[in-house]
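# A look at the structure
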Amino acid sequence: MLDPELPEQRQEEIITRARDLVSTAGGRWVGHDVWGRRRLAYEIAHKPEGTYHLLNFDAEPETLEELSRILRITDGVMRHLAVRRIEGGSPGPPPEPEPEPEHEAVPEPAYADANTSSQEE
């Protein structure tokens, strides 16, 4: 997640640096997906939004450690998280859940006709 106030050119420099590191270490770059600006659940460094980028690559653990080290010290990177993709899994975000079908209106409850007369008679 990058600072949303970073210029587009600086964002591309950070992504290019990550891609170059993976490639020079013998890894394989799978793809880069820009998720765009998203509202954060809580502010980070007094910023309510962040620009999300999903980087997919295959690399050795040492390469991932080095990339994490570089991202930690790079200005403009607000947060980063590395996760292992399950073998055979899709290299993208999880699919959007299907919308639930609209339910019919709930019928009014049927009340018992018992005890409708007044007790004061």
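See the structure printed just above.
Heads up: these notes are all about the structure in this document.

### Topic: the overall build of the protein chain
When helices and strands are tallied, the protein chain shows 2 helices and 2 strands. Taken across its 121 residues, the protein chain has 25% of its residues classed as buried. Long-range contacts, defined here as pairs at least 24 residues apart, represent 63% of the contacts in the protein chain between residues at least 6 apart. With an accessible surface of roughly 10,100 Å², the protein chain has 50% of that area assigned to carbon and sulfur atoms.

### Topic: the nonpolar core
In this structure, Leu2, Leu6, Ile14, Ala18, Leu21, Leu67, Ile70, Leu71 and Val77 together form the largest nonpolar core, which totals 9 residues. Looking at this core, the elements that each hand over two or more residues are helix H1 (8–24) and helix H2 (61–73). Each residue touching leucine 67, except ones within four places of it in the same chain, is listed here: Ala18, Leu21 and Phe57.

### Some remarks on empty space enclosed by the protein
Enumeration over the complete set of coordinates arrives at 1 cavity of 30 Å³ or more. In this structure, the largest cavity occupies an estimated 40 Å³ of space. Lining the largest cavity, in full, are Ile14, Arg17, Ala18, Leu67, Ile70, Leu71 and Thr74. Secondary structure elements with two or more residues in the lining of the largest cavity: H1 and H2. Residues that form the lining of the largest cavity fall into these classes: 5 nonpolar, 1 polar and 1 charged.

The rules behind the values
Residues numbered from 1 in each chain as written. Predicted model: local features only at pLDDT ≥ 70, side-chain atom pairs only at ≥ 80, totals over all residues. Heavy atoms only, no water. Helix = DSSP H or I, 4+ residues; strand = E, 2+ residues; numbered from the N terminus. Buried < 20%, exposed > 50% of the residue type's maximum accessible area, 1.4 Å probe, protein only. Contact = heavy atoms within 4.5 Å. Areas by Shrake-Rupley, 256 points an atom, 1.4 Å probe, with all protein chains shown as cover. Core = buried A, V, L, I, M, F, W, Y, C linked by side-chain atoms within 4.5 Å. 1 Å grid on protein atoms, 1.4 Å probe; cavity = no way out; pocket = protein on both sides within 12 Å on 5 of 7 lines; lining within 4 Å. Points joined across faces, edges and corners; volume = space filled by probe spheres on them. Nonpolar A, V, L, I, M, F, W, Y, C, P; charged D, E, K, R; others polar.

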